[in-house]
Structures are given as C-alpha cells and as structure tokens.
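Residue-level listing of the chains:
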Amino acid sequence: MTEHEPRDEEAMTIDELAREVGMTVRNVRAHQSRGLLPPPDIRGRTGYYNREHVVRLEMVKDLQAEGFNLEAIRRILEATPGGGAARMLDFTRAVAEPFGDEEPEVRDAEAFLKRWGEQLTDDLVAKLTRQGFIRPLADGRVELPSPRLNRVATELADLGIPFDAVVDVAGTLRKHADAIAKAYVRVFVEHVWRPFQEAGEPTERWPEVREALERIRPLATESVVGAFQVAMTEAVERALERELTRIGGEKPHR
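Residues numbered from 1 in each chain as written. Predicted model: local features only at pLDDT ≥ 70, side-chain atom pairs only at ≥ 80, totals over all residues. Heavy atoms only, no water.

A.B. asks: Would you take a moment to explain the overall build of the protein chain for this structure?
C.D. replies: If you tally the helices and strands in the protein chain, you get ten helices and five strands. Looking at the protein chain as a whole, 28% of its 254 residues qualify as buried. A sequence separation of at least 24 residues applies to 63% of the contacts in the protein chain between residues at least 6 apart. Accessible surface, the protein chain as shown: approximately 17200 Å² in total, 54% of it carbon and sulfur. (Helix = DSSP H or I, 4+ residues; strand = E, 2+ residues; numbered from the N terminus. Buried < 20%, exposed > 50% of the residue type's maximum accessible area, 1.4 Å probe, protein only. Contact = heavy atoms within 4.5 Å. Areas by Shrake-Rupley, 256 points an atom, 1.4 Å probe, with all protein chains shown as cover.)

A.B. asks: Sorry if this is basic, but what is going on with the pattern of salt bridges here?
C.D. replies: A side chain of one charge can pair with a side chain of the opposite charge if their charged atoms are brought near each other. Scanning the model with the defined rule gives 14 salt bridges in all. One salt bridge in this structure joins Glu71 and Arg74, with 2.4 Å as the shortest N-O distance. Of this pair, Glu71 and Arg74 are both found in helix H4 (residues 70–79), three residues apart, which corresponds to roughly one turn of the helix. Of the charged contacts, one joins Glu105 and Arg107 as a salt bridge, the two residues approaching to 2.8 Å between their closest N and O atoms. Residue classification places Arg107 among the partly exposed residues on the basis of a relative accessible area of 33%. (Salt bridge = Lys/Arg side-chain N within 4 Å of Asp/Glu carboxyl O.)

A.B. asks: Even after reading the chapter, I still don't get a nonpolar patch on the surface, so can you show me in this structure?
C.D. replies: A grouping of Leu149, Val169 and Leu173 is seen on the molecular surface, where their side chains present a nonpolar patch of about 250 Å² in accessible area. A residue is classified by how much of its surface remains accessible, and Val169, at 45% relative accessible area, is partly exposed. (Patch = residues over 30% accessible without salt bridge, like charges linked within 9 Å, V, L, I, M, F, W, Y side chains within 5 Å.)

A.B. asks: Even after reading the chapter, I still don't get the sheet that holds strand S3 (residues 105–108), so can you show me in this structure?
C.D. replies: Backbone-to-backbone hydrogen bonds join strands into a sheet, with any given pair of strands oriented parallel or antiparallel. Read across the sheet, three strands follow the order S3-S5-S4 without closing on themselves; strand pairing throughout is antiparallel. The two strands at the open ends of the sheet, each matched to only one other strand, are S3 and strand S4 (135–136). Sheet topology note: the S4/strand S5 (residues 141–144) ladder contains two bridges and is antiparallel. Along S5, the bridge assignment pairs Arg135 with Glu143. Each of S3 and S5 touches helix H6 (residues 109–116); the most contacted strand, S3, lies at about 80° to it. (Pairing = 2+ DSSP bridges. Axes fitted to C-alpha atoms, helices over the stretch in contact; angles between N-to-C directions.)

A.B. asks: Teacher, can you tell me more about the environment of Leu144 here?
C.D. replies: With respect to the helices and strands, Leu144 occurs in strand S5. The buried category is assigned to Leu144, whose relative accessible area is 2%. Linking Leu144 and Glu105, residues 39 residues apart in sequence, is a C-alpha distance of 5.1 Å. Excluding anything up to four places from it in sequence, Leu144 contacts Pro104, Glu105, Arg107, Phe112, Phe133, Ile134 and Asn150.

Structure representation (structure tokens):
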C-alpha cells in the first residue's frame, strides 16, 4: 500500500491513538520504546495503529492503576501475548477485590475519638492502626476497613468490657487471621498458581485460575466461621467447667 492509498477505517495516526486512549503522543512513543506497544503499520512515511494498540494501551493504564510499574507491565505483556493479557488483567482485578461484601466507612476523626472518650488513648489508636482496623486519612478523617468489627467493639463496650480489652481481643483475632490467610494463600499458590505457570498453555487457563480463586473466597470464609464455632463451643464448655468447679471447691477434670 502506498502513502496515497486509502487507509482502513480502524487505522489511526499516533495523534488519533493518543486522543483515543487519553494519553499524550509523548507517552505513546515512550510506551512503544519500552516495548509495551507493538510497532505501527508503516505506510509510506506514516505509522498507523489499530484497535489492538488501543486495547494494549488501555491495559497498560489499568495495570498502572493496580500498582504495577512499567517494567513489570512489560514482562507481563510479554508473557501473555495476544488475548492472554486481557485475561491476566481480569485475573489481577479479581485478586485485588476485597474478600467480603463490606464497604469501608470514613468517619470524622474527632467524632470517632470522642465516641470512645478517655478509653481511646494514643497507644490504643496506634495499636488499632498497626492492626489495620483504622486508617488515619490526611484530611482529618479515619477510614474503618471493617465497619462490622467497629459495631462488635461498640456492642462489647456496651456490655461493660473496657476498650483496651476489646483492642487486645482484636489483636489476637488479627494475629490468627493473618496465619489463616497465609495458609490459604500458600495452598492457592502451591496447588493452583504454580501448576498453572508450569502448564504448556497458560493463556488458555486464565479463566480456570480465576474460577479457582473465586471458589476459594467463600470457602475460606466459611471454614474460618466453622472452625471458630467449634473452638468457641469447646472453650466455653471448658471455662464453664472450671468456674463451676471453682465454686464447688473441686478440682477440674480438664
């Protein structure tokens, strides 16, 4: 095709491509020089791009938004040619989704601290922050990643339990929750992710890996609830036996 032949409807100049994806021409050229974008179809002295280039640049933008740097994005795109990159992006979005249906709440920091009064000392605020249960924001507000846990803390306080004891319980929960989460991640990586990586047709198996992840989400939650119910029942029974034995003056059987 010569420079004066008509181009197809999808063909775009670099200026048109940049406008289509909301980038500057300079950024498009930079991405191409880094190997993030296939070269254009050269016709005469003009390079023409198509919808595949648009999709590739949109994936680059989305992956950057997910926290990937440009070198990592380049390696990902090289490892997942063609439609595999789109499947991979879909998978990374699934991984980034929260485990659960809670939406974080943002509260005014002063009102939140006032709610707990003198019980909420600086040390307790620091503990809750380290545990990830509150996140101070720069605008004088705090984010509560789990409003459910905040409601539980409120109910426990209404029962007369000191707030420092509530924070201690939260710390214990977080410690064991971290161990459980690491165990499930290890199982997923060793028995799903790594076999997927070692498979001969990785791009075709992205949907399979995502399905495994989606199935693990509710299973992990259900297993924690089930195991806790069993443990709580046994713990209450043991505590009750100890207290009744103490009242009766007899030695406990356990």
